[in-house]
Amino acid sequence: MNKEEIQSLDPSDIAKFAELDSAGILAGPGENAGKFKERALKLISSLDEINTELSEKGKTDLVDSIPLKKEDRINTEILEEATEINKRFYDFSINWVPGFFLSKSLGIFWGGCAISFEESQFTIFLIRASFAKQKKWFLYRRDELLSHELCHIARMPIGDKLYEEFFAYRSSPSGFRRYFGSCFRTQADSLIFVIPIFLLLIMQILITFSVIKIPIYPFWILAVLFPLYLLTKNQILRKIAFRAIGKLESFGILKAKAILFRCTAREISEISGMNNVEEFSKWVSEMETREIRWKIIRWKYFGKANKS
C-alpha cells in the first residue's frame, strides 16, 4: 500500500486497515484511524528515504559507526523464510523492513538485533554476516532469528515489554528457548541472572585461597534466589498467556495467538479471566469504541472477514 492509498483511507474501511495489519504495520493502543494513518505515512516516508539513499549512494549512515551497504541488504528470498513462520503463528508478513548482513561483530555470540527509531517510527534489523551464505551458525537458525526480530518490529507499536520475548520466542523450534528465552525481557533481567553467579565464583576463589574468611552460603543463596525470581515471574506470565489462549479457543475463536500478539499485557490478563464468549464480545465492543486496533482484530478474526 503506497502513500496515496493510505492517505485516502476512510475510517470506516476496516478491510483496508486490516491490510496494513497483515503487512505487519499494527495499530497501537489508543490510536484512532487518523493517528494510525499518520504513523503509517511517517513509516512509508522513512522507508522511501532510506531506499533512495541506498539507491543513490550505495549505503546509508542511519546507524552511527555502522555503515550499512546496499550489497549487504537481505534479499526478499531470505526474508520469506521468516515471513512464512510469522504468517503461520501470528498472521502477519513483513517484507518491507530494511535488513542487513553485518560483517562488524557486535559480540562473540551475537546473532542479530532490531534497531528502532521512535521519532520516525522506523526500524531496521541486522544479522550476522555468516547468515548470508549459511542457514545456521552456532546455536542460531537464520529463519528463526529473522522471525524473532520481525516479531519485535511488528509488535513495537503495542508498547508492551512484558510479553515481547514470549511472543518472539514462541515460534522457536527449541523448547529450551521457547521457555527460558522469555525470562530475559530487559538488560536488567540478564544482569540479575549473571551477577550473582559471577559473585559466587569470585567469592569461592577468594575463600579457597584464604584471601578472605567468610561463609560462602549467602552467595549460594543469592545465586539461586535471583534466577528463581526470574523463572517464577516468567512462569506467572506464561500461565496467564496460555490461559488467555485457552479461553479464546474455548469461545470458538480461531487464531488465538494472533489475537493476543496484538494485545497489551493488561488485555491478555483481562481475557484470561473471562468466563464466556458473551463477556468477551461485550468487552471487544467497548474496546472498539476507543481505538481502531480492536476494530481490525474483530474484522480479521471474528467478524466479516471470517464470514465471507
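Remember, it's a predicted structure, so these values are computed and weren't measured experimentally.

Side note on the overall build of the protein
Consideration 1: The helix and strand inventory of the protein stands at 13 helices and seven strands.
Consideration 2: With the C-alpha coordinates aligned to their principal axes, the bounding extent of the protein is approximately 75 × 60 × 30 Å.
Consideration 3: Of the contacts made within the protein by residues no fewer than 6 positions apart, 62% connect residues no fewer than 24 positions apart.
Consideration 4: For the protein, the accessible area works out to roughly 16300 Å², and carbon and sulfur atoms hold 57% of it.
Consideration 5: Charge centroids of the protein, computed over 44 positive and 38 negative side chains, lie 6 Å from each other.

Focus on the side chain of R170
Consideration 1: Here R170 shows up in helix 6 (residues 164-170).
Consideration 2: The side chain of R170 is buried and forms no salt bridge, while E249, the nearest opposite charge, is found at 10 Å.
Consideration 3: Residue contacts for R170: discarding those within four places in its chain leaves F89, Y90, R178, R238 and F242.

Details of helix 3 (residues 33-57)
Consideration 1: A rise of 1.5 Å per residue sets the reference length of helix 3, with its 25 residues, at 36 Å; its end C-alpha atoms lie 36 Å apart and thus fit the reference within 8%.
Consideration 2: The set of residues buried in helix 3 consists of A33, F36, K37, R39, A40, L41, L43, I44, S46, L47, I50 and L54.
Consideration 3: The opening residue of helix 3, the one whose side-chain oxygen lies 3.1 Å from the backbone nitrogen of G34, is N32.
Consideration 4: Of the residues one or two after helix 3, G58 is the one with positive phi, at around 80 degrees.

Some details on a nonpolar patch on the surface
Consideration 1: A contiguous nonpolar patch, built from L199, Y217, W220, I221, L222, V224, L225, F226 and L228 and spanning about 840 Å² of accessible area, is present on the exposed surface.
Consideration 2: Residue placement: Y217 occurs in helix 9 (residues 217-250).

The rules behind these values
Residues numbered from 1 in each chain as written. Predicted model: local features only at pLDDT ≥ 70, side-chain atom pairs only at ≥ 80, totals over all residues. Heavy atoms only, no water. Helix = DSSP H or I, 4+ residues; strand = E, 2+ residues; numbered from the N terminus. Contact = heavy atoms within 4.5 Å. Areas by Shrake-Rupley, 256 points an atom, 1.4 Å probe, with all protein chains shown as cover. Lys, Arg positive; Asp, Glu negative; His and termini not counted. Charge placed at Lys NZ, Arg CZ, Asp CG, Glu CD. Buried < 20%, exposed > 50% of the residue type's maximum accessible area, 1.4 Å probe, protein only. Salt bridge = Lys/Arg side-chain N within 4 Å of Asp/Glu carboxyl O. Expected span 1.5 Å × (residues − 1). Polar contact = N/O pair within 3.5 Å; in protein donor to acceptor, adjacent residues only side chain to side chain. Patch = residues over 30% accessible without salt bridge, like charges linked within 9 Å, V, L, I, M, F, W, Y side chains within 5 Å.

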